[in-house]
Amino acid sequence: MPKGLERDLGLYAVLAISIGAMVGSGIFILPALAVDIAGPAVILAYVVAGVLVLPAAVSKAEMATAMPEAGGTYLYIERGMGPLLGTVAGIGTWFALSFKGALALVGGVPYILLLFDVPPSVTTPVALGLAALLVVVNLLGAKQTGRLQVAIVIVMLAALVWFVIGGVPATRQPNYAPFFRGGVGGLLEATGLVFVSYAGVTKVASVAEEVSDPDRNIPIGILGSLGFTTVLYALIVAVMVGVTDPGSIAQSATPMAVAAEATLGTAGVAAIVLAAILALVSTANAGILSSSRYPFAMARDDLVPDLMATIHERFGTPSNSITLTGAVLLVLIAFVPLLEIAKLASAFQILVFVLINVALVAFREGSAEYEPSFTAPLYPWIQVFGVVSGLVLLTQMGTVPLVGAVVLTVAGVGWFLAYGRNRVDREGAAVDAVRRQVGRNAVGRTRETVDARPGDYRVLVALDHEVSKAEERPFVRVAAALARPHDGEVVVTRFQQVPDQVSLTYASETESPADVKFETQTDELDAEFDVPISSGTIVCHDVRHAVVNYADHENVDMLLMEDTSSASGLRGRLFGSDVEWVLRHAPCDVGLLNAGAEGLRDLDVVGVLSDEGPYDPEKIAIADAIAAAAGGSITLAYAGRSGASGIEERTLQDYHAEVAAICSVPVSSCIPITDARKHEARAELSATDLIVVSASERTNDAIAAYLEDAERPVLVVHQQGTELRGRLARALGRRFF
């Protein structure tokens with residue numbers, strides 16, 4: 001039996017983890033850089049960043065209550081967008097959190113140096129020691145980690161509240177003018193810079209599997225910590241700007257200590273230094289706790305080696321994942337310039353938050369099992385706002401962070417292609433959401449096509465050679481079925497081609513026995529079908545031009561002719577290419593009928609065959625009309641689809657049900673999910689009396705194989721004026737439907 005994670009994190013631990021993950025480098029290090037960019041407007045930058053992170057926060061809170069499993073961001077994007085983007089999000093966020101944790105530790109060392117008389121050369125060794133200690137704490141289990149977070153946050157917040165209360169009376173109004181010193185561009189750039197300060201707001205979702213009562217504690221913890229931290233950030237930065245000269249903050253490695261010295265004296269500096277150290281250690285601690293869960297969750301989904309999913313026998317923690325994360329953290333502290341990497345992590349964090357908002361839309365619109373106990377308000381507008389605002393912020397981050405984010409993305413894609421692609425066989429909710437939208441669009445077009453058929457529907461049956469009554473009957477029968485529901489008529493015309501040397505006037509004045517026979521048998525067929533049928537013979541030098549011109553002259557809605565494209569011998573060579581020309585130039589819809597050797601005997605069951613995408617609206621409308629005229633039914637089948645997932649099967653069943661609701665006759669369908677069902681589909685097609693396919697599909701290998709096995713009469717349908725749209729729709733259908 002697989003091992004799970006112990007649920008021992010309550011609401012206070014959730015709040016502590018989330019607040020502790022945010023209140024770190026964002027407020028103790030970044031204000032020095034942000035003030036230099038935006039001036040006093042840095043206060044507003046922190047508020048704007050808190051607002052912009054809200055869509056991702058509520059989206060992630062909703063998904064966490066629906067999927068309270070370890071993995072957080074990776075899990076939601078992987079389930080929502082598919083394993084490829086899930087891999088990108090998992091690896092990228094894992095590195096980004098490691099970068100931020102390393103930056104937090106190194107950023108805390110300057111505050112330590114204010115208390116102890118030590119040389120700057122000890123910065124890296126101290127940071128490495130703290131990192132190693134926190135890795136050990138995390139290996140001991142989440143219970144110890146949660147308690148440590150609570151203690152750290154309580155002490156840290158007490159010092160920060162003292163800083164705000166003691167500093168507000170000492171603020172000076174002139175320090176806030178001019179407020180928008182960097183303009184709107186400076187405000188947006190500073191907002192993008194400090195955005196990473198809020199990354200920890202959703203970090204608790206990565207340990208959701210260890211949270212008790214997750215339906216209540218996760219959303220309260222995420223939203224509560226975000227609101228509290230946004231207000232706290234704004235107040236702290238307002239005090240920092242109001243009590244000191246902006247230049248002194250921008251040039252300091254310990255900006256909060258500078259502000260505390262100006263208002264609270266030596267005791268205040270000591271308290272702020274202690275708070276800074278605790279906050280930065282807390283950030284690194286929460287970073288190790290959550291980032292180590294990403295390899296763990298990815299291993300359970302076969303996207304990284306199974307070794308990362310190993311649970312320690314004694315402590316119940318993903319020990320290998322934590323150890324790997326700790327090793328990466330130590331390497332970053334020792335060798336990498338972390339300030340630049342932090343900027344890259346911030347840009348990638350924005351991208352990840354954009355994907356989180358998109359993933360929620362995918363879950364809501366798809367048919368995957370998704371039952372959250374907390375739902376994000378103002379859906380989908382708040383998600384749209386999150387996506388647009390995130391992309392706008394990215395444009396303000398500069399070239400290097402964007403390039404770095406692209407590199408991380410490419411690395412994630414490369415890993416998936418090299419390792420994960422052959423190990424996973426699933427799709428994200430986004431694919432199903434797109435599939436459902438494609439299906440809805442196809443249903444809408446089908447309904448419009450069925451409803452738009454005009455009264456007085458006229459069908460031209462074009463015959464280019466002498467035929468017997470038995471050979472003519474299938475064409476008249478199909479044409480009559482199409483015309484009857486719309487009070488239409490059928491025009492049966494025999495096109496007789498004569499050599500160029502023969503005068504058309506002479507040829508038209510000469511009535512041959514074949515002409516008499518044709519008119520006689522057509523009159524007999526007229527008596528069989530309850531539709532007005534007229535007949536005649538047209539003499540011409542070029543059949544294809546004559547057919548198109550006559551169809552235009554008679555203003556017909558459908559041209560029905562024999563499908564000679566697959567004919568053998570001289571006739572196939574002479575007339576096969578003419579069919580393609582007629583399809584391109586006909587002024588109306590075209591039907592190509594191949595009645596087969598046995599002819600069209602019954603029309604009790606009409607099959608509609610497609611490759612992978614939705615069914616073309618015209619062939620559904622034609623199949624419905626033909627089946628209705630005979631009092632029959634329709635069978636829907638696919639030729640190229642097999643191995644569909646359960647989600648895909650449900651979507652296809654819903655699509656078929658919507659198509660069936662449009663039709664006026666009973667409709668059955670066979671979705672070839674397995675090889676056995678594929679054989680069932682072939683058997684059902686073999687039991688039909690006529691199979692309807694689209695002109696663009698008749699050369700498809702899968703379609704051709706089905707038709708060859710079925711050995712049934714085939715009607716090829718071409719809807720005029722939709723060739724380009726049909727190609728685009730089929731391409732989209734094959735990819736997503």
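Caption draft 1: A look at the overall build of the protein chain. Looking only at helices and strands, the protein chain features 29 helices and 10 strands. Every one of the 737 residues in the protein chain was classed for burial, and the buried ones make up 56%. Looking at the protein chain alone, contacts between residues at least 24 apart form 82% of all its contacts between residues at least 6 apart. Taken as a whole, the protein chain presents about 29200 Å² of accessible surface, with 59% of it coming from carbon and sulfur.

Caption draft 2: Molecular detail of helix H10 (residues 214-243). Between its first and last C-alpha atoms H10 spans 42 Å; for 30 residues at 1.5 Å apiece the expected length is 44 Å, and the two agree. Among the 30 residues in H10, 21 count as buried, and that is most of the element.

Caption draft 3: Broad picture of the pattern of salt bridges. Overall, the coordinates contain seven salt bridges when judged by the stated rule. Between Glu62 and Arg364 there is a salt bridge, with its nearest N and O atoms 2.9 Å apart. Note that Glu62 is positioned in helix H4 (residues 42-66) and Arg364 in helix H16 (residues 338-365), a separation of 302 residues in sequence. A relative accessible area of 0% means that Glu62 is categorised as buried. What makes Arg364 partly exposed here is its relative accessible area of 28%. Arg458 is the salt-bridge partner of Glu554, the closest N and O atoms lying 3.3 Å from each other. Pair noted here: Glu554 is in helix H23 (residues 543-554) and Arg458 is in strand E1 (residues 458-463), with a separation of 96 residues, a long-range link.

Caption draft 4: Fine view of the side chain of Ser225. Mapping Ser225 onto the fold places it in helix H10. Classification of Ser225 as buried rests on a relative accessible area of 0%. For Ser225, the side chain forms a polar contact with the main-chain oxygen of Gly221, separated by 2.7 Å. The residues contacting Ser225, other than those within four sequence positions of it, are Leu15, Ser18, Ile19, Met22, Val201 and Ile220.

Caption draft 5: Main features of the sheet that holds strand E8 (residues 667-670). Taking strand neighbours across the sheet as the criterion, the 10 strands line up as E3-E2-E1-E4-E5-E10-E9-E6-E7-E8 in an open arrangement whose pairing is mixed. Each edge of the open sheet is held by one strand with a lone partner, namely strand E3 (533-540) and E8. The mean inter-strand angle of the sheet, taken between neighbouring strand axes irrespective of direction, is 25 degrees. Direction of pairing for strand E9 (residues 690-694) relative to strand E10 (residues 714-718): parallel, over a ladder of four bridges. For Val693, the partnering residue across the bridge sits in E10 and is Val716. Lying on the sheet, helix H20 (residues 469-483) is in contact with E1, strand E2 (489-497), E3, strand E4 (558-562), strand E5 (589-594) and E10; it crosses E1 at an angle near 165 degrees. Sitting on the sheet, helix H25 (residues 617-630) touches E4, E5, strand E6 (605-610), strand E7 (633-638), E9 and E10, and the angle it makes with E6 is about 170 degrees.

Caption draft 6: View of a nonpolar patch on the surface. A contiguous nonpolar patch, built from Trp381, Val384, Val388 and Val392 and spanning about 400 Å² of accessible area, is present on the exposed surface. By secondary structure assignment, the location of Val388 is in helix H17 (residues 381-395).

Caption draft 7: Highlighting the pairing of E2. Sheet analysis places E1 next to E2, joined by six bridges and oriented parallel. Opposite Arg458, over in E2, you have Glu489 as the bridge partner. Traced from E1 through H20 to E2, the parallel crossover comes out right-handed. Inspection of the sheet shows E2 paired to E3 by eight bridges, in the parallel sense. Considered in E3, the bridge of Phe495 is made with Ile538.

Caption draft 8: Highlighting the environment of Gln497. Its location among the elements puts Gln497 in strand E2. According to the relative accessible area criterion, Gln497 is partly exposed, its value standing at 45%. Sequence separation of Gln497 and Cys540 is 43 residues, and the distance between their C-alpha atoms is 4.9 Å. The residues contacting Gln497, other than those within four sequence positions of it, are Cys540, His541, Asp542 and Val543. Reaching out from Gln497, the side chain makes a polar contact with the backbone nitrogen of Val543 at a distance of 3.3 Å.

Caption draft 9: Examining the packing of aromatic side chains more closely. By the definition in use, this model includes nine aromatic pairs. Aromatic pair Phe179 and Phe180: ring centres 5.1 Å apart, planes at 85 degrees, arrangement edge-to-face. Of the residues examined, Phe180 reaches a relative accessible area of 47% and is grouped as partly exposed. Seen from their ring centres, Phe495 and Tyr550 are 6.0 Å apart, and the 75 degrees between their planes marks the pair as edge-to-face. Placement of the pair is Phe495 in strand E2 and Tyr550 in helix H23, with a sequence separation of 55 residues. Of the two residues examined, Phe495 and Tyr550, each falls in the buried class.

Reading the values: the criteria
Residues numbered from 1 in each chain as written. Predicted model: local features only at pLDDT ≥ 70, side-chain atom pairs only at ≥ 80, totals over all residues. Heavy atoms only, no water. Helix = DSSP H or I, 4+ residues; strand = E, 2+ residues; numbered from the N terminus. Buried < 20%, exposed > 50% of the residue type's maximum accessible area, 1.4 Å probe, protein only. Contact = heavy atoms within 4.5 Å. Areas by Shrake-Rupley, 256 points an atom, 1.4 Å probe, with all protein chains shown as cover. Expected span 1.5 Å × (residues − 1). Salt bridge = Lys/Arg side-chain N within 4 Å of Asp/Glu carboxyl O. Polar contact = N/O pair within 3.5 Å; in protein donor to acceptor, adjacent residues only side chain to side chain. Pairing = 2+ DSSP bridges. Axes fitted to C-alpha atoms, helices over the stretch in contact; angles between N-to-C directions. Patch = residues over 30% accessible without salt bridge, like charges linked within 9 Å, V, L, I, M, F, W, Y side chains within 5 Å. Right-handed = clockwise from strand over helix to strand, strands pointing away. Phe/Tyr/Trp six-rings, centres within 6.5 Å; stacked < 30°, edge-to-face > 60°.

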